Amino acid sequence: MQFPYFYDVSRTREMTSVFGGYNHQLSCADGQFFDMKNMSSKYFPVLSPREKRGYVKLLTNPQGILDKEDLWWIDDRKLYKNGTQVWLTGVRLSELSPKTMAKMGAYLVIFPDKIYYNVDNGECGYLDNVTDSNSIGATAKFDLCDEQGKAITYFNAEDYDKANAKDGDYVLSTSGAKPTLKVYSATTGIWTTVATTYISIAFLGIGKGFAKDDCVKISVNDNRGLEAVFVNNEAEGIYSTDTYLVDVKDNVITIPGIYVPYTKAEGEEDRSVLVRVERKAPSMSFITECNNRLWGCSDDGREVYCCRLGDVKNWRDYRGTSTGSWSATIGTDGKFTGAITYEGYPTFFKEDSILQIAVSGQGAHTTRSTECRGLQEGSERSLAIIDKVIYYKSPWGVCTFNGGIPSVISDELGDERYSNAVAGAIDNQYYISMKNSKGISSLFVYDTKNGLWAKEDDTDALLFCKHNEELYFVDAKDKMLKSARGSLEFSFPEAAKEEEVSWYVESGNIGYFSPDYKYIARINIRITLETGSNADFYVQYDSNGIWEHKFNMNGVGTRSFSIPIIPRRCDHFAYKIAGRGGCKIHSLTKTVEEGSDD
């Protein structure tokens, strides 16, 4: 005789002790989280909230930040060094934002203002410098001179009696194809052609802001007597030459060339000779420092430049020396979107290509362009380097580049399209703040060592900068300069540490890979709670959008909590842990009973 009996219910017990970070995809695996707030992988594989931030300094209109030995920032058109204002005499920062700063040697350079500041002696000025005799209503005076600018007394060759030549006499000849200057030596009895001749140009203030060996463009409105020097016809009666300054005084400059005084025709009126002297740096979208030079790219995406070796002021020294300036025309389409120095290569990005410059000690620099996932326009501040790898935001996601073909590392961020990324790096953590398609900002952190993403909060970062052992950023919402790790290195009246951190993690759907209905029989959590912290546990069934509160965990120290759950038949479920204050979640164990498939 047969009697009915009960079959044992299939029961599985799964423990998660390795928490895999943020994964906003349908394929979110066990131990990963579909959504989270203010979490960190600092204690991986343990799950924990981020550290408390530090509130460092309330800013008014933050425009730029840079770490070079000291922490520099620009706020409301004022430059600060470690929070102390630096007085810029004779220059004025504009309202244009954001600003790019770079430091080369003692010089701090600010773009797009083209301002330089010497951190050692306080000298400051503009990379561009112009003096113009027309602006003061003066006429320029020209003289043939020596290298020091001292005027040379000479004779016209046609009128000179060579039989009575004296030692050191100069003779100017204009009968040949070009004027020549010769000097007589009584010792040898030989007239020697002066290989290099010089012209002094004088008017009040002509040399102000210039230095010896500056490369300049000089324009005149009348090149009579100077035809051998001012050979560029600028039209409308303006002639110019690209040259360099041999000697500079406030009211006199000296350049290479030869001057033949012009003899007026009878009845000809005097003409004022107007002179304009200008030293200019190119207009550049992005700059970076490499091998004691600044490198930059043009606004239209067609050219790259570098300044003269060790000289931030001169960008047009094309005399063919190894230390001279350099420029190259780029054939790829599109605007440049960012720049960074990587492994000794000035590296420039477009949205669909990366351009690297091989720097040569002889000045013969070369370029190499690779078509690939480039840097997204508007995300130029997402560039950061960790362990010899560049991290940046491309139109296809967050990418890494180590000299080959870039790779996307942000699949876990889901299908959302992000833009306007700003990033910073410290140790093995890559912080990136981005806006989604609705303009809502999120701050993510990528753990480069473990390959994990964490989501912090809705911080809209304007600027990031690592200084010493801290990562600083400016929050666009409250204009506060903050420290990611809570450092209060700078003592300002408003400096304070964040009181507590509110956090949560939300699992992906559990049970998708089983066709049967199921029951949650038990949840066990092993957790370490700090003083004053607590956590709540929630469950959601069958994606109904309702989070049911099941348990509150509080206390101090490490312990295990058994979450009391009344079994409920469901197809799938998800859990959420939310809390305030510091804690570490070591493991989570789920006991699930399998039901039938109908």
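Throughout this description, residue numbers start from 1 for each chain and increase along the sequence as written. Where totals are concerned, whole chains, interfaces and linings use all residues; where local detail is concerned, this predicted model gives features only for residues with pLDDT of at least 70, and gives and counts side-chain atom pairs only at 80 or more. The basis for every side-chain value is the complete set of heavy atoms in the structure, and neither hydrogens nor water enter the calculation.

Colleague: Help me understand the overall build of the chain, please; the structure alone is not making it clear to me.
Modeller: Secondary structure follows DSSP: runs of H or I at least 4 residues long count as helices, runs of E at least 2 residues long count as strands, and numbering of each begins at the N terminus. Of regular secondary structure, the chain possesses zero helices and 54 strands. In this treatment the radius of gyration is a C-alpha quantity, and the globule benchmark scales as 2.2 Å times the residue count to the 0.38 power. Relative to the globule expectation of 25 Å for 598 residues, the C-alpha radius of gyration of the chain, 35 Å, shows a markedly less compact shape. The principal-axis extent of the C-alpha atoms belonging to the chain is close to 150 × 50 × 45 Å. Buried, partly exposed and exposed residues are distinguished by accessible area as a fraction of the type maximum, computed with a 1.4 Å probe on protein chains only: under 20%, between the cut-offs, and over 50%, respectively. By residue count, 49% of the 598 residues in the chain fall in the buried class.

Colleague: Would you mind going over the sheet that holds strand S18 (residues 170–173) with me for this structure?
Modeller: Sheet strands associate in pairs through backbone hydrogen bonding, adopting either a parallel or an antiparallel arrangement. The criterion for strand pairing is that DSSP finds at least two bridges linking the strands in question. One open sheet accounts for four strands, arranged S17-S18-S19-S20; its pairing is mixed. Since the sheet does not close on itself, it has two edges, and those belong to strand S17 (154–156) and strand S20 (190–193), each with one partner. This sheet shows a mean twist of 35° between the axes of neighbouring strands, independent of strand direction. By the bridge criterion, four bridges tie S18 to strand S19 (residues 180–185) in an arrangement that is antiparallel. Across the sheet, Tyr170 pairs through a bridge with Val183, a residue of S19. Where helices are involved, their axes are fitted lines through C-alpha atoms of the stretch in contact, as for all axes, and angles between N-to-C directions lie from 0 to 180°.

Colleague: Would you explain the nonpolar core in this entry?
Modeller: A general trend in soluble globular proteins is that nonpolar side chains are found buried together. Membership of the largest hydrophobic core comes to 48 residues, with the highest contact counts inside it found for Ile525, Phe537, Met553 and Ile577. If we skip the residues at most four places from it in the chain, Met553 touches Ile525, Ile527, Leu529, Asn534, Ala535, Asp536, Phe537, Phe561, Ile563 and Ile577. We define a nonpolar core as any set of buried Ala, Val, Leu, Ile, Met, Phe, Trp, Tyr and Cys residues linked to one another through side-chain atoms lying within 4.5 Å. Residues Ile199, Phe230, Ile253 and Tyr259 belong to the second largest nonpolar core, which totals 20 residues. Between two residues, a contact is recorded if the distance between any of their heavy atoms is within 4.5 Å.

Colleague: Sorry if this is basic, but what is going on with the pattern of salt bridges here?
Modeller: Two side chains that carry opposite charge are able to pair once their charged atoms sit near each other. Note on definitions: salt bridges are taken to be side-chain nitrogens of Lys or Arg within 4 Å of carboxyl oxygens of Asp or Glu. All told, the structure shown has 34 salt bridges when counted by the stated rule. A salt bridge links Asp35 to Lys455; the shortest N-O distance between them is 3.6 Å. With Asp35 in strand S3 (residues 32–37) and Lys455 in strand S43 (residues 452–455), this pair connects stretches of sequence that are 420 residues apart. We classify Lys455 as buried; its relative accessible area is 18%. Note that Glu498 and Arg50 form a salt bridge whose closest N and O atoms lie 2.9 Å from each other. Note that Glu498 is positioned in the loop between strand S47 (496–497) and strand S48 (502–507) and Arg50 in the loop between strand S5 (48–49) and strand S6 (54–58), a separation of 448 residues in sequence.

Colleague: Which parts of the structure should I look at to understand the sheet that holds strand S31 (residues 326–329)?
Modeller: Overall, antiparallel pairing links the four strands, which are arranged S28-S29-S30-S31 in an open sheet. Only two strands of the sheet have a single neighbouring strand rather than two, namely strand S28 (284–290) and S31. Geometrically, the sheet is characterised by an average inter-axis angle of 15° between neighbouring strands, direction not taken into account. Direction of pairing for strand S30 (residues 303–306) relative to S31: antiparallel, over a ladder of four bridges. Across the sheet, residue Tyr305 finds its bridge partner in S31, namely Ser327.

Colleague: Explain the environment of Asn156 here, please?
Modeller: For Asn156, the position within the fold is in strand S17. Asn156 sits in the partly exposed class, given a relative accessible area of 39%. Along the primary structure Asn156 and Glu470 are separated by 314 residues, whereas in three dimensions their C-alpha atoms are 72 Å apart. Look past the residues within four positions of Asn156 in its chain and what remains in contact with it is Val171 and Leu172.

Colleague: Please clarify how a negative patch on the surface should be interpreted in this entry.
Modeller: Patch criteria: residues need more than 30% relative accessible area and no salt bridge. Like-charged residues are merged within 9 Å; nonpolar side chains of Val, Leu, Ile, Met, Phe, Trp and Tyr are merged within 5 Å. In short, Shrake-Rupley with a 1.4 Å probe defines the accessible areas, and a residue's cover is counted only from the protein chains shown. Charge counting treats Lys and Arg as positive and Asp and Glu as negative, with His and both chain ends excluded. All charge positions are set by atom: Lys at NZ, Arg at CZ, Asp at CG, Glu at CD. Residues Asp333, Glu351, Asp352, Glu371 and Glu377 make up a contiguous surface patch of negative charge. Relative to the elements of secondary structure, Glu377 occurs in the loop between strand S35 (366–371) and strand S36 (384–386).

Colleague: What's the story with the packing of aromatic side chains in this structure? I'm lost.
Modeller: Two aromatic rings, taken as a pair, are described by how far apart their centres are and by the angle between their planes. For Phe, Tyr and Trp, rings pair up if their centres lie within 6.5 Å, where Trp contributes its six-membered ring, and each pair is then called stacked (planes under 30 degrees apart), edge-to-face (over 60) or tilted (otherwise). Throughout the structure, instances matching the rule amount to 27 aromatic pairs. Here the aromatic rings of Tyr107 and Tyr116 are separated by 5.8 Å at their centres, their planes lie at 65°, and the arrangement is edge-to-face. By relative accessible area, Tyr116 is classed as buried at 6%. Chaining the aromatic ring pairs together yields one cluster made of Tyr22, Tyr391, Tyr418, Tyr430, Phe444, Tyr446 and Trp453. Lying over the aromatic face of Trp191, Lys162 brings its terminal NZ or CZ to 5.7 Å of the ring centre. The positively charged end of Lys584 is found above the aromatic ring belonging to Tyr43, 4.6 Å away from the centroid. A ring has a charge above it when a Lys NZ or an Arg CZ is no more than 6 Å from the ring centre and no more than 35 degrees off the ring normal.

Colleague: Honestly, the pairing of strand S8 (residues 70–75) in this entry has me stumped. Any pointers?
Modeller: Consecutive side chains of a regular strand alternate in pointing toward one face of the sheet and then the other. Where burial is concerned, most of S8 is hidden: five out of the six residues are buried. Strand direction decides the pairing type here: strand S7 (residues 62–68) and S8, joined by six bridges, are antiparallel. Counted as the bridge partner of Asp67 is Leu71 from S8. Hairpin connection of S7 to S8: one residue between the antiparallel strands, including Glu69 at a positive phi of 70°. Sheet topology note: the S8/strand S9 (residues 78–81) ladder contains four bridges and is antiparallel. Within S9, the position partnered with Trp73 by the bridge is Tyr80. With antiparallel pairing between neighbouring strands as the criterion, S8 and S9 make up a hairpin whose turn holds two residues, including Asp76 at a positive phi of roughly 50°.

Colleague: Explain unusual backbone geometry here, please?
Modeller: Cis geometry is found at the peptide bond from Ser97 to Pro98, where omega equals -10°. Position of Pro98 relative to the elements: it lies in the loop between strand S10 (84–86) and strand S11 (100–104). Its identity as a non-glycine residue notwithstanding, Ala235 has a phi of 75°, on the positive side.

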